[in-house]
Amino acid sequence: MHEKEIQFFTEAFKLAQENFYVDAIHKFQELVNDYPESDLADDAMYNIGLCYYQMNQFQKCVDVLEKMIEKYPDATITALENGNEFGKTAAKAYYLIVQCYIGLDDIEKAKTYIPIIDTYTETYVETKDGKISFSELAEQAIQVYIN
């Protein structure tokens, strides 16, 4: 990984944290365009989707994440920023897609992603109570919405 890639990612991430989502999207996209083979490119695309999600543009988020999964199917979650997420970026993206379909009030469509996420057995979030899979998180989100 090059210093410039990390700089793009860090700047974009900071913009997203400060709720400057459109600016963050442009900065993440710049990283993807300039360094498509970077270990951070998949994470940048994921974060573009997350920015759209934060702006309630759920379908746009889904579109970006599906492209990310297609382009980087075997990519792993980058551990910058001392993250607590481990495994494949695709599983994390599918989880966010589930959240999008919940936001679009399409629970049946959201449920169709659970078996897909289940196939990512080594992808999880480390919590104070232990590991929780993105599949479990997706099931919980659907249950909370239904209740």
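Everything quoted here is computed from the prediction, not taken from an experiment. (Residues numbered from 1 in each chain as written. Predicted model: local features only at pLDDT ≥ 70, side-chain atom pairs only at ≥ 80, totals over all residues. Heavy atoms only, no water.)

Caption draft 1: Examining the packing of aromatic side chains more closely. On inspection of all chains with the given rule, the structure shows 9 aromatic pairs. Residues Tyr94 and Tyr113 carry aromatic rings whose centres are separated by 5.9 Å and whose planes lie at 35 degrees to one another, so their mutual orientation is tilted. On the criterion of sequence distance, the pair formed by Tyr94 in helix 5 (residues 89-103) and Tyr113 in the loop between helix 6 (107-111) and helix 7 (114-118) is long-range, its members being 19 residues apart. Judged on exposure class, the residue Tyr94 and its partner Tyr113 are both buried. Directly above the aromatic system of Tyr46 lies the positively charged group of Lys92, at a separation of 4.5 Å from the ring centroid. The positively charged end of Lys131 is found above the aromatic ring belonging to Tyr124, 4.6 Å away from the centroid. (Phe/Tyr/Trp six-rings, centres within 6.5 Å; stacked < 30°, edge-to-face > 60°. Helix = DSSP H or I, 4+ residues; strand = E, 2+ residues; numbered from the N terminus. Buried < 20%, exposed > 50% of the residue type's maximum accessible area, 1.4 Å probe, protein only. Lys NZ or Arg CZ within 6 Å of the ring centre and 35° of its normal.)

Caption draft 2: Focus on the sheet that holds strand 1 (residues 85-86). Strand order in the open sheet formed by 3 strands is 1-2-3, and the pairing between neighbours is antiparallel. Pairing within the sheet leaves two strands with one partner each, and these edge strands are strand 1 and strand 3 (130-133). In terms of strand pairing, strand 2 (residues 124-127) meets strand 3 through 4 bridges, oriented antiparallel. Note on strand 3: the bridge partner recorded for Val125 is Ile132. Contacts from helix 8 (residues 134-146) reach strand 1, strand 2 and strand 3, with the element oriented near 65 degrees to strand 3. (Pairing = 2+ DSSP bridges. Contact = heavy atoms within 4.5 Å. Axes fitted to C-alpha atoms, helices over the stretch in contact; angles between N-to-C directions.)

Caption draft 3: How the structure looks around helix 5. With 15 residues, helix 5 extends 21 Å between its outermost C-alpha atoms, agreeing within 8% with the 21 Å of an ideal straight helix rising 1.5 Å per residue. Buried residues dominate helix 5, accounting for 14 of its 15 residues. Two residues or fewer past helix 5, Asp105 is found with a positive phi of approximately 60 degrees. (Expected span 1.5 Å × (residues − 1).)

Caption draft 4: Seen up close, the pairing of strand 2. Here strand 1 pairs with strand 2 via 2 bridges, running antiparallel. Counterpart to Glu85 in the pairing with strand 2 is Val125. Counted along the chain from strand 2 to the antiparallel partner strand 3, the turn is 2 residues long.

Caption draft 5: Main features of the side chain of Glu5. Within the secondary structure, Glu5 sits in helix 1 (residues 3-17). Although Glu5 is buried, it makes no salt bridge; Lys4 carries the closest opposite charge, 11 Å away. Reaching out from Glu5, the side chain makes a polar contact with the side chain of Ser38 at a distance of 2.3 Å. If we ignore the near neighbours within four places in the chain, the residues touching Glu5 are Leu31, Tyr35, Ser38, Asp39 and Leu40. (Lys, Arg positive; Asp, Glu negative; His and termini not counted. Salt bridge = Lys/Arg side-chain N within 4 Å of Asp/Glu carboxyl O. Polar contact = N/O pair within 3.5 Å; in protein donor to acceptor, adjacent residues only side chain to side chain.)

Caption draft 6: Examining helix 4 (residues 58-71) more closely. Between its first and last C-alpha, helix 4 extends 20 Å over 14 residues, near the 20 Å set by a 1.5 Å rise per residue. Turning to helix 4, its buried residues number three or more, namely Phe58, Cys61, Val62, Val64, Leu65, Met68 and Ile69. Projected down its long axis, helix 4 carries its buried residues within an arc of 165 degrees, all on one side. Seen from the buried face of helix 4, the exposed residues on the opposite side, beyond 90 degrees, are Lys67 and Glu70. Structurally, helix 4 contributes buried residues whose contacts are with helix 3 (41-54) and helix 5. (Arc of directions from axis to C-beta.)

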